[in-house]
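Residues per chain, in single letters:
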2 protein chains.
Amino acid sequence: MTYCVGILTHQGLVMASDSRTNAGYDQVNLCRKMHTFVEPGERSFCILTSGSLSLTQSVITLLRDEFDAGEGLAKARNFYAAARAVGECVRRVAELDRSALERDEFNFNINLLLGGQIKGEAPQLYLIYPQGNPLSVTRDSPYMQIGEVKYGRPILDRGIEAGATTLEVAAMYALLSFDATMRSNVTVGPPIEMLLYENDALEFDRYRRFKADDPELNVIHRQWERSLRRAVEELPAITFKACLPDTP
Amino acid sequence: MTYCVGILTHQGLVMASDSRTNAGYDQVNLCRKMHTFVEPGERSFCILTSGSLSLTQSVITLLRDEFDAGEGLAKARNFYAAARAVGECVRRVAELDRSALERDEFNFNINLLLGGQIKGEAPQLYLIYPQGNPLSVTRDSPYMQIGEVKYGRPILDRGIEAGATTLEVAAMYALLSFDATMRSNVTVGPPIEMLLYENDALEFDRYRRFKADDPELNVIHRQWERSLRRAVEELPAITFKACLPDTP
(Lines give C-alpha, C1' and ligand atoms only; values in the text may rest on other atoms or scores of the structure.)
Protein backbone atom coordinates (compact mmCIF):
# COMPACT_ATOMS: atom_id res chain seq x y z
CA MET A 1 0.00 0.00 0.00
CA THR A 2 0.94 3.63 -0.34
CA TYR A 3 -0.02 6.92 1.20
CA CYS A 4 0.65 10.26 -0.49
CA VAL A 5 -0.83 13.68 0.17
CA GLY A 6 -0.59 17.08 -1.47
CA ILE A 7 -1.84 20.30 0.15
CA LEU A 8 -2.23 23.61 -1.67
CA THR A 9 -2.06 26.60 0.67
CA HIS A 10 -2.07 30.32 -0.06
CA GLN A 11 1.67 30.28 0.57
CA GLY A 12 2.58 27.24 -1.51
CA LEU A 13 2.48 23.47 -1.69
CA VAL A 14 3.18 20.56 0.63
CA MET A 15 3.87 17.21 -1.07
CA ALA A 16 4.52 14.08 0.98
CA SER A 17 4.80 10.34 0.36
CA ASP A 18 5.62 7.15 2.23
CA SER A 19 8.18 4.63 0.96
CA ARG A 20 6.75 1.17 1.47
CA THR A 21 5.89 -1.04 -1.46
CA ASN A 22 4.61 -4.57 -1.28
CA ALA A 23 3.78 -7.11 -3.93
CA GLY A 24 1.65 -9.44 -1.86
CA TYR A 25 2.33 -9.94 1.81
CA ASP A 26 5.67 -11.65 1.48
CA GLN A 27 7.61 -8.98 -0.32
CA VAL A 28 7.92 -5.57 1.28
CA ASN A 29 10.49 -3.16 -0.02
CA LEU A 30 11.41 0.45 0.13
CA CYS A 31 10.81 2.68 -2.81
CA ARG A 32 10.61 6.39 -3.40
CA LYS A 33 7.27 7.60 -4.68
CA MET A 34 8.26 11.24 -5.05
CA HIS A 35 9.67 12.45 -8.37
CA THR A 36 10.68 15.97 -9.33
CA PHE A 37 11.07 17.69 -12.69
CA VAL A 38 12.66 21.12 -12.45
CA GLU A 39 13.79 23.85 -14.81
CA PRO A 40 15.00 26.39 -12.21
CA GLY A 41 13.31 29.77 -12.44
CA GLU A 42 10.89 28.47 -15.09
CA ARG A 43 8.92 25.45 -13.89
CA SER A 44 8.92 22.95 -11.04
CA PHE A 45 6.87 19.76 -10.84
CA CYS A 46 6.59 17.17 -8.10
CA ILE A 47 4.81 13.88 -8.83
CA LEU A 48 3.67 11.39 -6.17
CA THR A 49 2.57 7.93 -7.27
CA SER A 50 0.38 5.11 -5.96
CA GLY A 51 -0.42 1.71 -7.42
CA SER A 52 1.66 -0.99 -9.09
CA LEU A 53 5.30 0.09 -9.00
CA SER A 54 5.93 -1.50 -12.40
CA LEU A 55 3.31 0.77 -13.94
CA THR A 56 4.18 4.00 -12.12
CA GLN A 57 7.88 3.45 -12.92
CA SER A 58 6.97 3.21 -16.59
CA VAL A 59 4.97 6.45 -16.42
CA ILE A 60 7.85 8.27 -14.73
CA THR A 61 10.34 6.84 -17.24
CA LEU A 62 8.27 8.12 -20.15
CA LEU A 63 7.84 11.53 -18.50
CA ARG A 64 11.57 11.76 -17.75
CA ASP A 65 12.49 10.87 -21.34
CA GLU A 66 10.12 13.54 -22.64
CA PHE A 67 11.37 16.10 -20.13
CA ASP A 68 15.03 15.49 -20.97
CA ALA A 69 14.15 15.92 -24.65
CA GLY A 70 12.44 19.27 -23.95
CA GLU A 71 8.99 17.77 -24.50
CA GLY A 72 6.03 16.94 -22.22
CA LEU A 73 6.37 18.62 -18.82
CA ALA A 74 9.27 20.71 -20.16
CA LYS A 75 7.10 22.22 -22.86
CA ALA A 76 3.58 22.35 -21.42
CA ARG A 77 2.33 25.93 -21.90
CA ASN A 78 0.36 25.93 -18.63
CA PHE A 79 -0.28 23.70 -15.65
CA TYR A 80 -3.43 22.18 -17.10
CA ALA A 81 -1.43 21.12 -20.15
CA ALA A 82 1.18 19.65 -17.80
CA ALA A 83 -1.52 17.60 -16.06
CA ARG A 84 -2.65 16.45 -19.52
CA ALA A 85 0.94 15.50 -20.42
CA VAL A 86 1.09 13.26 -17.34
CA GLY A 87 -2.31 11.78 -18.20
CA GLU A 88 -1.04 11.10 -21.72
CA CYS A 89 1.84 9.02 -20.33
CA VAL A 90 -0.58 7.13 -18.06
CA ARG A 91 -2.58 6.29 -21.20
CA ARG A 92 0.52 5.18 -23.09
CA VAL A 93 1.41 2.77 -20.28
CA ALA A 94 -2.21 1.59 -20.18
CA GLU A 95 -1.95 0.81 -23.87
CA LEU A 96 1.25 -1.13 -23.27
CA ASP A 97 0.18 -3.16 -20.22
CA ARG A 98 -3.51 -2.97 -19.43
CA SER A 99 -4.85 -5.88 -21.47
CA ALA A 100 -2.08 -8.24 -20.35
CA LEU A 101 -2.77 -7.36 -16.72
CA GLU A 102 -6.53 -7.70 -17.03
CA ARG A 103 -6.16 -11.10 -18.65
CA ASP A 104 -4.74 -12.24 -15.29
CA GLU A 105 -7.31 -10.22 -13.32
CA PHE A 106 -5.02 -7.42 -12.19
CA ASN A 107 -6.48 -3.92 -12.30
CA PHE A 108 -4.78 -1.07 -14.04
CA ASN A 109 -5.07 1.13 -10.99
CA ILE A 110 -2.46 3.84 -10.63
CA ASN A 111 -3.04 7.35 -9.36
CA LEU A 112 -0.69 10.31 -9.41
CA LEU A 113 -0.54 13.68 -7.72
CA LEU A 114 1.04 16.48 -9.73
CA GLY A 115 1.94 19.64 -7.82
CA GLY A 116 4.10 22.58 -8.77
CA GLN A 117 4.18 25.81 -10.70
CA ILE A 118 4.89 27.21 -14.14
CA LYS A 119 6.25 30.75 -14.23
CA GLY A 120 3.42 33.25 -14.69
CA GLU A 121 0.78 31.06 -13.07
CA ALA A 122 -0.08 30.31 -9.45
CA PRO A 123 1.02 26.95 -7.99
CA GLN A 124 -1.40 24.13 -8.69
CA LEU A 125 -2.20 20.61 -7.59
CA TYR A 126 -3.83 17.89 -9.69
CA LEU A 127 -4.84 14.28 -9.26
CA ILE A 128 -4.36 12.14 -12.38
CA TYR A 129 -6.71 9.15 -12.48
CA PRO A 130 -5.83 5.68 -13.86
CA GLN A 131 -7.77 6.65 -17.00
CA GLY A 132 -5.50 9.67 -17.49
CA ASN A 133 -8.04 12.40 -16.75
CA PRO A 134 -7.01 15.20 -14.39
CA LEU A 135 -8.78 16.68 -11.35
CA SER A 136 -7.68 19.93 -9.74
CA VAL A 137 -7.99 20.84 -6.06
CA THR A 138 -10.62 23.46 -5.33
CA ARG A 139 -10.75 26.19 -2.73
CA ASP A 140 -13.10 24.09 -0.62
CA SER A 141 -10.98 20.95 -0.95
CA PRO A 142 -7.40 22.21 -0.85
CA TYR A 143 -5.75 18.82 -0.35
CA MET A 144 -5.64 15.51 -2.20
CA GLN A 145 -4.68 12.04 -1.13
CA ILE A 146 -3.89 8.82 -2.98
CA GLY A 147 -3.41 5.26 -1.70
CA GLU A 148 -4.55 4.38 1.82
CA VAL A 149 -6.43 7.64 2.32
CA LYS A 150 -8.95 7.14 5.10
CA TYR A 151 -6.92 6.86 8.32
CA GLY A 152 -5.12 10.12 7.64
CA ARG A 153 -8.09 12.13 6.51
CA PRO A 154 -9.85 13.28 9.72
CA ILE A 155 -6.84 15.28 10.92
CA LEU A 156 -6.63 17.04 7.53
CA ASP A 157 -10.37 17.73 7.54
CA ARG A 158 -10.09 19.31 10.97
CA GLY A 159 -6.91 21.24 10.41
CA ILE A 160 -6.54 22.50 6.84
CA GLU A 161 -8.32 25.78 6.15
CA ALA A 162 -7.94 27.23 2.67
CA GLY A 163 -6.47 30.72 2.83
CA ALA A 164 -5.60 30.46 6.54
CA THR A 165 -3.33 27.49 7.17
CA THR A 166 0.31 28.46 6.68
CA LEU A 167 2.72 26.33 4.67
CA GLU A 168 4.61 25.20 7.79
CA VAL A 169 1.43 24.29 9.66
CA ALA A 170 0.12 22.43 6.60
CA ALA A 171 3.37 20.44 6.60
CA MET A 172 2.74 19.53 10.22
CA TYR A 173 -0.81 18.36 9.42
CA ALA A 174 0.59 16.27 6.57
CA LEU A 175 3.07 14.69 8.96
CA LEU A 176 0.35 13.96 11.53
CA SER A 177 -1.77 12.48 8.75
CA PHE A 178 1.10 10.09 7.99
CA ASP A 179 1.55 9.37 11.68
CA ALA A 180 -2.12 8.35 11.97
CA THR A 181 -1.95 6.22 8.82
CA MET A 182 1.22 4.38 9.80
CA ARG A 183 -0.16 3.81 13.31
CA SER A 184 -3.21 2.04 11.91
CA ASN A 185 -1.90 0.39 8.73
CA VAL A 186 1.36 -1.50 8.66
CA THR A 187 1.59 -1.45 4.85
CA VAL A 188 2.24 2.31 4.90
CA GLY A 189 5.73 2.96 6.21
CA PRO A 190 8.73 5.25 6.49
CA PRO A 191 10.80 6.90 5.26
CA ILE A 192 8.36 9.75 4.75
CA GLU A 193 9.50 12.18 2.12
CA MET A 194 8.26 15.73 2.37
CA LEU A 195 8.73 18.72 0.15
CA LEU A 196 7.71 22.31 0.80
CA TYR A 197 7.24 24.57 -2.17
CA GLU A 198 6.91 28.31 -1.61
CA ASN A 199 4.94 30.38 -4.13
CA ASP A 200 7.12 31.58 -7.03
CA ALA A 201 10.27 29.76 -5.86
CA LEU A 202 10.26 27.82 -9.15
CA GLU A 203 12.65 25.30 -7.65
CA PHE A 204 12.58 22.80 -4.78
CA ASP A 205 14.83 23.75 -1.92
CA ARG A 206 12.98 22.59 1.19
CA TYR A 207 13.01 18.83 1.53
CA ARG A 208 13.01 16.36 4.36
CA ARG A 209 13.22 12.58 4.55
CA PHE A 210 12.04 11.10 7.86
CA LYS A 211 13.29 7.59 8.61
CA ALA A 212 11.49 5.52 11.26
CA ASP A 213 14.06 6.47 13.91
CA ASP A 214 14.21 10.17 13.00
CA PRO A 215 14.61 11.93 16.38
CA GLU A 216 12.56 14.97 15.31
CA LEU A 217 9.72 12.74 14.03
CA ASN A 218 9.76 10.78 17.28
CA VAL A 219 9.57 13.93 19.40
CA ILE A 220 6.60 15.12 17.34
CA HIS A 221 4.94 11.69 17.58
CA ARG A 222 5.35 11.46 21.36
CA GLN A 223 4.31 15.04 22.06
CA TRP A 224 1.28 14.62 19.79
CA GLU A 225 0.10 11.45 21.54
CA ARG A 226 0.58 13.11 24.94
CA SER A 227 -1.37 16.18 23.81
CA LEU A 228 -4.22 14.04 22.46
CA ARG A 229 -4.52 12.07 25.67
CA ARG A 230 -4.46 15.23 27.76
CA ALA A 231 -7.07 16.82 25.47
CA VAL A 232 -9.33 13.78 25.93
CA GLU A 233 -8.95 13.95 29.69
CA GLU A 234 -9.91 17.61 29.67
CA LEU A 235 -13.19 17.03 27.81
CA PRO A 236 -16.37 17.34 29.88
CA ALA A 237 -17.66 13.95 31.07
CA ILE A 238 -20.53 12.39 29.16
CA THR A 239 -23.73 12.08 31.16
CA PHE A 240 -25.72 8.90 30.75
CA LYS A 241 -29.34 8.11 31.41
CA ALA A 242 -30.69 5.11 33.25
CA CYS A 243 -33.33 4.12 30.72
CA LEU A 244 -32.90 2.44 27.37
CA PRO A 245 -35.34 3.25 24.59
CA ASP A 246 -37.87 0.57 23.72
CA THR A 247 -36.69 -2.04 21.27
CA PRO A 248 -36.64 -1.89 18.36
CA MET B 1 -22.95 3.20 5.39
CA THR B 2 -22.69 2.43 9.08
CA TYR B 3 -20.20 2.82 11.86
CA CYS B 4 -20.30 0.79 15.06
CA VAL B 5 -17.65 0.21 17.69
CA GLY B 6 -17.36 -1.94 20.79
CA ILE B 7 -14.62 -1.52 23.40
CA LEU B 8 -13.87 -4.02 26.17
CA THR B 9 -12.14 -2.43 29.18
CA HIS B 10 -11.18 -3.88 32.55
CA GLN B 11 -14.22 -2.07 33.98
CA GLY B 12 -16.77 -3.07 31.38
CA LEU B 13 -17.98 -2.49 27.84
CA VAL B 14 -18.69 0.48 25.59
CA MET B 15 -21.03 -0.17 22.66
CA ALA B 16 -21.86 2.61 20.17
CA SER B 17 -23.56 2.90 16.79
CA ASP B 18 -24.61 5.53 14.30
CA SER B 19 -28.14 5.71 12.89
CA ARG B 20 -27.85 6.46 9.18
CA THR B 21 -28.94 3.95 6.59
CA ASN B 22 -28.92 4.44 2.88
CA ALA B 23 -30.05 2.29 0.01
CA GLY B 24 -28.22 4.03 -2.78
CA TYR B 25 -27.58 7.75 -2.69
CA ASP B 26 -31.14 8.88 -2.98
CA GLN B 27 -32.64 7.25 0.05
CA VAL B 28 -31.18 8.10 3.42
CA ASN B 29 -33.11 7.18 6.52
CA LEU B 30 -32.63 6.87 10.21
CA CYS B 31 -32.46 3.49 11.79
CA ARG B 32 -31.29 2.10 15.12
CA LYS B 33 -28.49 -0.41 14.84
CA MET B 34 -28.30 -1.20 18.55
CA HIS B 35 -30.35 -4.06 19.95
CA THR B 36 -30.43 -5.36 23.50
CA PHE B 37 -31.46 -8.71 24.98
CA VAL B 38 -31.61 -8.69 28.76
CA GLU B 39 -32.57 -11.08 31.52
CA PRO B 40 -31.82 -8.83 34.54
CA GLY B 41 -29.34 -10.31 36.99
CA GLU B 42 -28.65 -13.23 34.67
CA ARG B 43 -27.49 -12.14 31.20
CA SER B 44 -27.25 -8.97 29.12
CA PHE B 45 -26.45 -8.76 25.41
CA CYS B 46 -26.04 -5.79 23.12
CA ILE B 47 -25.86 -6.34 19.36
CA LEU B 48 -24.69 -3.73 16.84
CA THR B 49 -25.28 -4.37 13.14
CA SER B 50 -23.82 -3.28 9.81
CA GLY B 51 -24.81 -4.17 6.25
CA SER B 52 -28.14 -4.47 4.46
CA LEU B 53 -30.90 -3.47 6.85
CA SER B 54 -33.24 -6.07 5.38
CA LEU B 55 -30.79 -8.81 6.34
CA THR B 56 -29.81 -7.53 9.79
CA GLN B 57 -33.48 -6.98 10.64
CA SER B 58 -34.15 -10.61 9.79
CA VAL B 59 -31.28 -11.75 12.02
CA ILE B 60 -32.55 -9.65 14.93
CA THR B 61 -36.12 -10.88 14.38
CA LEU B 62 -34.99 -14.51 14.54
CA LEU B 63 -32.87 -13.82 17.63
CA ARG B 64 -35.75 -12.00 19.34
CA ASP B 65 -38.17 -14.83 18.59
CA GLU B 66 -35.71 -17.35 20.04
CA PHE B 67 -35.02 -15.17 23.07
CA ASP B 68 -38.70 -14.67 23.83
CA ALA B 69 -39.18 -18.43 23.62
CA GLY B 70 -36.35 -19.03 26.11
CA GLU B 71 -34.04 -20.32 23.37
CA GLY B 72 -30.89 -18.97 21.63
CA LEU B 73 -29.37 -16.09 23.57
CA ALA B 74 -31.71 -16.83 26.50
CA LYS B 75 -30.33 -20.35 26.88
CA ALA B 76 -26.68 -20.16 25.73
CA ARG B 77 -24.62 -21.75 28.52
CA ASN B 78 -21.69 -19.37 28.03
CA PHE B 79 -20.78 -16.35 25.94
CA TYR B 80 -19.08 -18.36 23.24
CA ALA B 81 -22.30 -20.33 22.80
CA ALA B 82 -24.16 -17.00 22.62
CA ALA B 83 -21.85 -15.84 19.81
CA ARG B 84 -22.52 -19.15 18.05
CA ALA B 85 -26.29 -18.63 18.50
CA VAL B 86 -26.01 -15.26 16.74
CA GLY B 87 -23.87 -16.84 13.99
CA GLU B 88 -26.50 -19.54 13.59
CA CYS B 89 -29.18 -16.90 12.89
CA VAL B 90 -26.86 -15.19 10.40
CA ARG B 91 -26.56 -18.54 8.61
CA ARG B 92 -30.33 -19.07 8.65
CA VAL B 93 -30.85 -15.69 6.97
CA ALA B 94 -28.06 -16.51 4.51
CA GLU B 95 -29.94 -19.67 3.62
CA LEU B 96 -33.12 -17.68 3.10
CA ASP B 97 -31.72 -14.78 1.06
CA ARG B 98 -28.15 -15.25 -0.13
CA SER B 99 -28.72 -16.97 -3.47
CA ALA B 100 -31.50 -14.55 -4.51
CA LEU B 101 -29.24 -11.60 -3.68
CA GLU B 102 -26.21 -13.02 -5.46
CA ARG B 103 -28.26 -13.69 -8.56
CA ASP B 104 -28.61 -9.89 -8.81
CA GLU B 105 -24.99 -9.31 -7.79
CA PHE B 106 -25.64 -8.12 -4.24
CA ASN B 107 -23.25 -9.43 -1.62
CA PHE B 108 -24.44 -11.10 1.53
CA ASN B 109 -22.31 -8.83 3.68
CA ILE B 110 -23.55 -8.23 7.20
CA ASN B 111 -21.39 -7.98 10.31
CA LEU B 112 -22.49 -7.89 13.92
CA LEU B 113 -20.86 -7.00 17.21
CA LEU B 114 -22.07 -8.93 20.24
CA GLY B 115 -21.10 -7.53 23.65
CA GLY B 116 -22.34 -8.33 27.09
CA GLN B 117 -22.07 -10.75 29.96
CA ILE B 118 -23.52 -14.01 31.26
CA LYS B 119 -23.56 -14.42 35.06
CA GLY B 120 -20.46 -16.28 36.26
CA GLU B 121 -18.28 -15.15 33.33
CA ALA B 122 -16.44 -11.91 32.58
CA PRO B 123 -17.94 -9.50 30.02
CA GLN B 124 -17.04 -10.36 26.43
CA LEU B 125 -17.11 -8.85 22.97
CA TYR B 126 -17.36 -10.74 19.69
CA LEU B 127 -17.53 -9.92 15.99
CA ILE B 128 -19.83 -12.19 13.99
CA TYR B 129 -18.81 -12.42 10.34
CA PRO B 130 -21.22 -12.69 7.37
CA GLN B 131 -20.41 -16.41 7.29
CA GLY B 132 -21.57 -16.77 10.90
CA ASN B 133 -18.18 -17.48 12.50
CA PRO B 134 -17.26 -15.53 15.65
CA LEU B 135 -14.09 -13.60 16.55
CA SER B 136 -13.39 -12.44 20.10
CA VAL B 137 -11.44 -9.34 21.09
CA THR B 138 -8.02 -10.05 22.54
CA ARG B 139 -6.04 -8.27 25.23
CA ASP B 140 -3.89 -6.64 22.54
CA SER B 141 -6.89 -5.60 20.43
CA PRO B 142 -9.55 -4.64 22.97
CA TYR B 143 -11.90 -2.96 20.52
CA MET B 144 -13.78 -3.92 17.37
CA GLN B 145 -15.35 -1.87 14.62
CA ILE B 146 -17.79 -2.66 11.82
CA GLY B 147 -18.91 -0.59 8.82
CA GLU B 148 -16.89 2.48 7.82
CA VAL B 149 -14.01 1.65 10.16
CA LYS B 150 -10.93 3.49 8.92
CA TYR B 151 -11.56 7.17 9.68
CA GLY B 152 -12.29 6.46 13.32
CA ARG B 153 -9.50 4.02 13.95
CA PRO B 154 -6.39 6.18 14.58
CA ILE B 155 -7.88 7.84 17.68
CA LEU B 156 -8.76 4.42 19.13
CA ASP B 157 -5.29 3.07 18.34
CA ARG B 158 -3.74 5.99 20.14
CA GLY B 159 -6.05 6.12 23.10
CA ILE B 160 -7.30 2.69 24.15
CA GLU B 161 -4.94 0.79 26.43
CA ALA B 162 -6.10 -2.60 27.65
CA GLY B 163 -6.15 -2.70 31.44
CA ALA B 164 -5.60 1.05 31.81
CA THR B 165 -8.32 2.98 29.98
CA THR B 166 -11.33 3.52 32.23
CA LEU B 167 -14.87 2.87 31.05
CA GLU B 168 -15.69 6.59 30.97
CA VAL B 169 -12.55 7.49 29.03
CA ALA B 170 -13.18 4.64 26.60
CA ALA B 171 -16.65 6.08 26.01
CA MET B 172 -15.03 9.43 25.19
CA TYR B 173 -12.66 7.78 22.70
CA ALA B 174 -15.62 6.03 21.09
CA LEU B 175 -17.40 9.38 20.77
CA LEU B 176 -14.31 11.02 19.23
CA SER B 177 -14.00 8.09 16.85
CA PHE B 178 -17.57 8.80 15.70
CA ASP B 179 -16.79 12.50 15.48
CA ALA B 180 -13.84 11.79 13.14
CA THR B 181 -15.88 9.38 11.01
CA MET B 182 -18.86 11.70 10.61
CA ARG B 183 -16.51 14.60 9.80
CA SER B 184 -14.99 12.69 6.88
CA ASN B 185 -17.88 10.53 5.66
CA VAL B 186 -21.36 11.92 5.16
CA THR B 187 -22.97 8.47 5.03
CA VAL B 188 -22.28 7.93 8.73
CA GLY B 189 -24.57 10.15 10.78
CA PRO B 190 -26.33 10.88 14.04
CA PRO B 191 -28.06 10.08 16.28
CA ILE B 192 -25.21 8.21 17.93
CA GLU B 193 -26.37 5.64 20.42
CA MET B 194 -24.02 4.72 23.23
CA LEU B 195 -24.30 2.20 25.99
CA LEU B 196 -21.96 1.73 28.95
CA TYR B 197 -21.94 -1.64 30.63
CA GLU B 198 -20.20 -2.02 34.00
CA ASN B 199 -18.77 -5.41 34.96
CA ASP B 200 -21.35 -7.64 36.68
CA ALA B 201 -24.22 -5.17 36.30
CA LEU B 202 -26.09 -7.80 34.27
CA GLU B 203 -28.43 -5.13 32.97
CA PHE B 204 -28.13 -1.99 30.85
CA ASP B 205 -28.70 1.19 32.82
CA ARG B 206 -26.30 3.73 31.28
CA TYR B 207 -27.44 4.81 27.85
CA ARG B 208 -27.18 7.96 25.76
CA ARG B 209 -28.54 9.00 22.39
CA PHE B 210 -26.77 11.98 20.81
CA LYS B 211 -28.72 13.81 18.13
CA ALA B 212 -26.85 16.11 15.73
CA ASP B 213 -27.74 19.18 17.78
CA ASP B 214 -27.01 17.62 21.17
CA PRO B 215 -25.52 20.50 23.20
CA GLU B 216 -23.13 18.24 25.12
CA LEU B 217 -21.89 16.61 21.91
CA ASN B 218 -21.34 20.02 20.34
CA VAL B 219 -19.34 21.26 23.33
CA ILE B 220 -17.15 18.16 23.13
CA HIS B 221 -16.75 18.56 19.34
CA ARG B 222 -15.74 22.21 19.57
CA GLN B 223 -13.41 21.80 22.52
CA TRP B 224 -11.79 18.80 20.81
CA GLU B 225 -11.12 20.68 17.57
CA ARG B 226 -9.72 23.64 19.54
CA SER B 227 -7.46 21.33 21.54
CA LEU B 228 -6.21 19.60 18.39
CA ARG B 229 -5.35 22.87 16.69
CA ARG B 230 -3.59 24.15 19.78
CA ALA B 231 -1.67 20.88 20.09
CA VAL B 232 -0.52 21.19 16.47
CA GLU B 233 0.63 24.75 17.05
CA GLU B 234 2.65 23.65 20.08
CA LEU B 235 4.59 20.98 18.16
CA PRO B 236 8.24 21.79 17.39
CA ALA B 237 8.70 23.14 13.86
CA ILE B 238 9.96 20.77 11.19
CA THR B 239 13.41 21.61 9.86
CA PHE B 240 13.93 21.25 6.14
CA LYS B 241 17.08 20.82 4.13
CA ALA B 242 18.00 22.68 0.98
CA CYS B 243 18.99 19.68 -1.11
CA LEU B 244 16.80 17.09 -2.74
CA PRO B 245 18.10 13.55 -3.11
CA ASP B 246 19.14 12.44 -6.56
CA THR B 247 16.36 11.12 -8.74
CA PRO B 248 15.18 8.45 -8.88
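With an unreviewed UniProt entry as reference, chain A is termed Putative proteasome-type protease, source organism Acidipila rosea.

A. Focus on the pairing of strand 1 (residues 3–8) of chain B. Residues and elements named next belong to chain B. Strand 1 sits mainly inside the fold: five of its six residues count as buried. Inspection of the sheet shows strand 1 paired to strand 2 (residues 12–17) by five bridges, in the antiparallel sense. Residue Cys4 lies in a different strand from strand 2, and its bridge partner there is Ser17.

B. Up close: the interface of chain B and chain A. Contact residues are listed per partner, giving 61 residues for chain B and 61 residues for chain A. If you sort the residues of chain B by the area they bury against chain A, B:Arg158, B:Ile238 and B:Phe240 come out on top, with a joint share of 15%. In this structure, the connection of chain B to chain A is made through eight salt bridges. Close ionic contact of B:Glu225 with A:Arg158 constitutes a salt bridge, the shortest N to O distance being 2.9 Å. Summed over the shared surface of chain B and chain A, the result is 22 residue pairs in polar contact (both at pLDDT 80 or more). Among the elements of the structure, helix 3 (153–159), helix 4 (167–184), strand 11 (192–198), strand 12 (206–210) and helix 5 (215–233) of chain B are those that each provide at least two residues to the side of chain B that touches chain A. For the side of chain B that touches chain A, a count of residues per class yields 32 nonpolar, eight polar and 21 charged.

C. Structural context of the relation of the copies chain B and chain A. In screw terms, the move from chain B to chain A is a rotation of 180° and a rise of 0.0 Å along the axis, fitting with an RMSD of 0.1 Å. With respect to symmetry, the two chain copies, as superposed, fit the operation of a two-fold axis. Nearest to the rotation axis, the C-alpha of B:Tyr151 is located 2.4 Å from it, this being the minimum over chain B. Comparing interface residues between copies, 100% of those in chain B also lie at the interface in chain A; the contact surface is shared.

D. Spatial organisation of the state of the cysteines. Residues and elements named next belong to chain A. One pass over the full model with this rule turns up zero disulfides over all chains. Residue Cys31 stays outside any disulfide, its sulfur separated by 10 Å from that of Cys4, the closest cysteine. A disulfide-free cysteine, Cys89 has its sulfur positioned 16 Å from the sulfur of Cys46, the nearest such atom. Classification of Cys89 as buried rests on a relative accessible area of 0%.

E. Broad picture of the environment of B:Phe108. Residue and element names in this part refer to chain B. Structurally, Phe108 is set in the loop between helix 2 (79–103) and strand 7 (111–118). Along the backbone, Phe108 and Asp97 are eleven residues apart, and their C-alpha atoms lie at a distance of 8.2 Å. In this view, Phe108 contacts Leu55, Val90, Val93, Ala94, Arg98, Leu101 and Pro130; residues no more than four positions away in its chain are not counted.

F. View of the sheet that holds strand 10 (residues 143–147) of chain B. All names here are of chain B. Strands sit in the order 10-1-2-11-12 across an open sheet of five strands; the sheet is antiparallel. Looking along the sheet, the strands with just one partner apiece sit at the ends: strand 10 and strand 12. On average, each strand axis in the sheet is inclined to that of its neighbour by 10°, with strand direction left out of account. Here strand 1 pairs with strand 10 via five bridges, running antiparallel. For Ile7, the partnering residue across the bridge sits in strand 10 and is Tyr143.

Rules of the game
Residues numbered from 1 in each chain as written. Chains lettered and ligands numbered in written order. Predicted model: local features only at pLDDT ≥ 70, side-chain atom pairs only at ≥ 80, totals over all residues. Heavy atoms only, no water. Buried < 20%, exposed > 50% of the residue type's maximum accessible area, 1.4 Å probe, protein only. Helix = DSSP H or I, 4+ residues; strand = E, 2+ residues; numbered from the N terminus. Pairing = 2+ DSSP bridges. Contact = heavy atoms within 4.5 Å. Buried area = accessible area lost by both parts, 1.4 Å probe. Salt bridge = Lys/Arg side-chain N within 4 Å of Asp/Glu carboxyl O. Polar contact = N/O pair within 3.5 Å; in protein donor to acceptor, adjacent residues only side chain to side chain. Nonpolar A, V, L, I, M, F, W, Y, C, P; charged D, E, K, R; others polar. Least-squares fit on C-alpha atoms with pLDDT ≥ 70 in both. Disulfide = S-S within 2.5 Å. Axes fitted to C-alpha atoms, helices over the stretch in contact; angles between N-to-C directions.

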